[in-house]
Amino acid sequence: MWKNNCFVSYLHAARRTEAFFFGILILEWAVYSLYGLPWGPAVYTMLLSTAFFLLVWGAGFFAYRKKWRWMKQLEETIEMESVEFPRAWNGVEAQYQEIIRKREWFWREHESREQAKRKQEDAYYTRWSHQIKTPVSVMGLLLQEEEPDKEAMRHEMLQIEQYIAMALHYQKLEKGGNDLRFSHYRAGDLVKQAVRNTSELFIHKKISLQIGENLDFDVLTDEKWFVFILEQILTNAVKYTKQGGVSVFREGEGTLAVRDTGIGILPEDLPRVFEWGYTGYNGRLDKRSTGIGLSLVKSAADLLGHPVRITSEAGKGTTVRIDTKRDHLDTV
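These figures come from a predicted structure and were not determined experimentally.

## A few points about the overall build of the protein
- When you go through the protein residue by residue, the secondary structure sums to nine helices and seven strands.
- Counting the 332 residues in the protein, one finds 37% classified as buried.
- Sequence-distant contacts, at least 24 apart, represent 68% of the contacts inside the protein between residues at least 6 apart.
- For the protein, the accessible area works out to roughly 21,200 Å², and carbon and sulfur atoms hold 58% of it.

In structure tokens, the structure reads:
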């Protein structure tokens, strides 16, 4: 009740001062009684003390009421605008106000990040829905034929599976990749898994694939995420290679490289290829490009702690390098 009534609230807030005043009155009464002093001066002293107390108490109440009304207005508008507090009475109150300001700033920053995240998710799934409609439509047309082209259907089905896998990995990345399981793997085994999952693309486009013989080195990583990264890189390599081939090989101590003889990347596009939604010149040529694949590669590689670099020359091809050198996991 006292929290919703200004007068009662002030009585509660000033209770120590009130208790101190009444304690003084009791002490005055006790002193005059013990020493048998005349009560006239005692009553006069108590009346003056009471008058002075009421004056100070009343001034404090009017200041408190002004602040009370201000805070009530803030309570009604706190969700619509930034909080501007009345002047603090003491250091403790100033600290409380500073804490609230920091919490407000934190909440606004959090809300801003969440809005940006929701906007990005909406954009991704809008693109994803348009992206997956193409192979689904092609599948529908193929099924209407008397003798459907099974090879073409397998190709479209593989694309659908890849789009679904991308969406699932995107959701996991948004949750911080909490399904990570690090262990030691042979690089060649990880490459074979990725090649097996994308082999249909190489067959469909008649693109050759060369796997180096020096992939017998250890990689400390998460198997599923690393294979996903390789699949995305191989898919991109096939996608932008019209003739020639793709090669996977080892560089240095523990760098896994994927090189293609495709159309390459323009120098002005190269610094931005990992940006979310950036398609560049090549993406504009390929209307089905979303600019999301390499962004997922970068996010997943950062999650695993594997630096990724891309070098390219327009018209001659692209090389993607994954640095896997690591003897142990960094722990906090």
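## Thoughts on the pattern of salt bridges
- Going through the model one piece at a time under the given rule, you end up with nine salt bridges.
- In this structure, arginine 321 and glutamate 251 form a salt bridge, with 2.7 Å as the shortest nitrogen-oxygen distance. One end of the pair, arginine 321, is in strand β7 (residues 317–323); the other, glutamate 251, is in strand β4 (residues 245–251), with 70 residues separating them in the sequence.
- The exposure class assigned to glutamate 251 is partly exposed, which follows from its relative accessible area of 23%.
- Residue glutamate 313 is joined to lysine 316 by a salt bridge in which the shortest nitrogen-to-oxygen separation is 3.4 Å.
- Note on lysine 316: relative accessible area 58%, which makes it exposed.
- Because the salt bridges share partners, they merge into one network encompassing Arg186, Asp189 and Asp216.

## Looking at the UniProt feature "transmembrane region" (unreviewed entry) in the protein
- UniProt records the feature "transmembrane region" (unreviewed entry) at residues 20–37 and 43–64, using the numbering of this structure.
- Regarding residues 20–37, the helix share stands at 83% and the strand share at 0%, and the terminal C-alpha atoms are separated by 23 Å.
- Taken end to end, residues 43–64 is 100% helix and 0% strand, and its two terminal C-alpha atoms sit 30 Å from one another.

## Concerning the sheet that holds strand β5 (residues 255–260)
- Strand order in the open sheet formed by five strands is β2-β4-β5-β7-β6, with mixed pairing between adjacent strands. What marks the edges here is a single partner per strand, and that holds for β2 (208–211) and β6 (308–313). Strand-to-strand twist across the sheet, computed as the mean angle between neighbouring axes with direction ignored, equals 15 degrees.
- In terms of strand pairing, β2 meets β4 through four bridges, oriented parallel.

## A closer look at the pairing of β6
- Pairing of β6 with β7 involves six bridges; the strand directions are antiparallel. Considered in β7, the bridge of valine 308 is made with isoleucine 322.
- In sequence, β6 turns back onto β7 through a hairpin of three residues, with glycine 315 there showing a positive phi of about 85 degrees.

## Remarks on the nonpolar core
- The biggest cluster of nonpolar side chains holds 51 residues, and the ones touching the most others in it are Phe226, Ile229, Leu230, Leu234 and Leu256.
- By residue number, the principal contributor to this core is helix α7 (residues 223–239), which donates ten residues.
- Of all hydrophobic cores here, the second largest spans eleven residues; its members include Ala14, Trp57, Tyr64 and Trp68.

## So, unusual backbone geometry
- Positioned with a positive phi, lysine 206 is a non-glycine residue whose angle comes to about 55 degrees.
- If you trace the backbone, lysine 206 turns up in the loop between α6 (187–205) and β2.

How each quantity is defined
- The residue numbers shown here count from 1 along each chain, following its written sequence.
- With the structure being a predicted model, the display of local features is reserved for residues of pLDDT at least 70 and the display and counting of side-chain atom pairs for 80 or more, all residues being used for whole-chain, interface and lining totals.
- Note that water and hydrogens are dropped before the side-chain values are worked out from all heavy atoms of the structure.
- Counting from the N terminus, the helices are DSSP H or I runs at least four residues long and the strands are E runs at least two residues long.
- When accessible area is computed with a 1.4 Å probe and restricted to protein chains, residues below 20% of their type maximum are described as buried, those above 50% as exposed, and intermediate ones as partly exposed.
- Contact between two residues is taken to exist if any of their heavy atoms lie within 4.5 Å; hydrogens are not considered.
- In this description, accessible areas are obtained by the Shrake-Rupley approach with a 1.4 Å probe, and a residue is regarded as covered only by the protein chains that are shown.
- Only one rule defines a salt bridge in this text: a Lys or Arg side-chain nitrogen within 4 Å of an Asp or Glu carboxyl oxygen.
- UniProt positions are given in the numbering used here, feature names are shortened, and annotations may be inferred rather than shown by experiment.
- At least two bridges found by DSSP between two strands are what make those strands a pair.
- Only the stretch in contact is used when a helix axis is fitted, and all axes are lines through C-alpha atoms; the angle between N-to-C directions ranges over 0 to 180 degrees.
- Joining through side-chain atoms within 4.5 Å is the link that ties buried Ala, Val, Leu, Ile, Met, Phe, Trp, Tyr and Cys residues into a set, and such a set is a nonpolar core.

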